[in-house]
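# Structural characterization, general
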Amino acid sequence: MDLSPVTDALAVKSFDKIADICDTLMLQVAAEGISFHDDWPYAIHLLGYFYLDDCDSARFLWKTIPASVKESKPEVAAAWRIGQKLWTRDYAGVHEAIRGFDWSQDAKDMVAAFSDVYTKRMFQLLLSAYSTITIRDLALFLGMAEDDATTYVVEKGWTVDAASQMVTVKKQAIKREQKVDSSKLQRLTEYVFHLEH
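The sections below set out a description of the structure shown in this document. Source: prediction; values computed, not measured. (Residues numbered from 1 in each chain as written. Predicted model: local features only at pLDDT ≥ 70, side-chain atom pairs only at ≥ 80, totals over all residues. Heavy atoms only, no water.)

### Some remarks on the environment of Ile82
Looking at the secondary structure, you find Ile82 in helix α6 (residues 74-87). Classification of Ile82 by relative accessible area gives buried; the value is 0%. The contact partners of Ile82, leaving out residues within four places of it in the chain, are Leu47, Phe50, Val94, Ala97, Ile98, Trp103 and Phe114. (Helix = DSSP H or I, 4+ residues; strand = E, 2+ residues; numbered from the N terminus. Buried < 20%, exposed > 50% of the residue type's maximum accessible area, 1.4 Å probe, protein only. Contact = heavy atoms within 4.5 Å.)

Here is the structure:
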């Protein structure tokens, strides 16, 4: 079984393509009737889905993994712990699951990239859902120490009130670009002209 497309994608840090590459390879190998379960990079495959925020596909993959693989490969179980936390929306638990395992060299870069992407997703969630938040909750959502979390958001323009331990979210201005199409302008002109005459 040739897993070089997966290792190549990992080498160039194309983590957004890992899940598709694994899906394609799995279908090819299964169609050829080759036994692949023992050698398949399930942890990488699961992490590829998490990177794309595709928990449904990860969950279905988890259900197809043989129990012997789940028991014999702790990294697969560790990757699934991240999935469980994502599924239950345990935002702080995702960061704990990431830090709670000594990842292999192949998975280490991908887990770090997922952690960065997930922190950015959480920042966007906080930006859209909160006007103020406690520093403690902010740190839980972002998976950082309180000092690091406040530094992170202050760099993004948020304000911190040290006395009340609250952070005020700086909403980003919504940019609306109005594109004027010359054909629409011409039709409007003709319509107005028709009404006037």
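From this point on, the discussion continues.
### Let's talk about the nonpolar core
Counting residues in each nonpolar core, the largest one holds 58 residues, and the members touching the most others are Leu46 and Ile82. Among the elements that take part in this core, helix α8 (residues 105-129) stands out by supplying 10 residues, more than any other. In this structure, this core is formed jointly by two domains, domain 1 (1-116) and domain 2 (130-196), each of which donates at least three residues. Excluding its chain neighbours within four sequence positions, the residues that come into contact with Leu46 are Ala58, Leu61, Trp62, Ile65, Val76, Ala79 and Trp80. (Core = buried A, V, L, I, M, F, W, Y, C linked by side-chain atoms within 4.5 Å. Domains from an automatic or database assignment.)

### Observations regarding the packing of aromatic side chains
With the rule as written, the count across this model stands at 10 aromatic pairs. Here the aromatic rings of Phe101 and Trp103 are separated by 5.0 Å at their centres, their planes lie at 70°, and the arrangement is edge-to-face. An aromatic cluster is present here, built from Phe50, Phe114 and Tyr118 joined pairwise through their rings. Taking the ring centre of Trp62 as reference, the NZ or CZ of Lys70 above it sits at 4.3 Å. Residue placement shows Lys156 over the ring face of Tyr152; its charged tip is 4.8 Å from the ring centre. (Phe/Tyr/Trp six-rings, centres within 6.5 Å; stacked < 30°, edge-to-face > 60°. Lys NZ or Arg CZ within 6 Å of the ring centre and 35° of its normal.)

### Here's the deal with the sheet that holds strand β1 (residues 132-134)
Read across the open sheet, the three strands follow the order β1-β3-β2; overall the sheet is antiparallel. Only two strands of the sheet have a single neighbouring strand rather than two, namely β1 and β2 (159-161). Within the sheet, the average angular offset between the axes of one strand and its neighbour, ignoring direction, is 25°. Examined bridge by bridge, β1 and strand β3 (residues 166-168) share three bridges and lie antiparallel to one another. Paired with Thr132 across the bridge in β3 is Thr168. (Pairing = 2+ DSSP bridges. Axes fitted to C-alpha atoms, helices over the stretch in contact; angles between N-to-C directions.)

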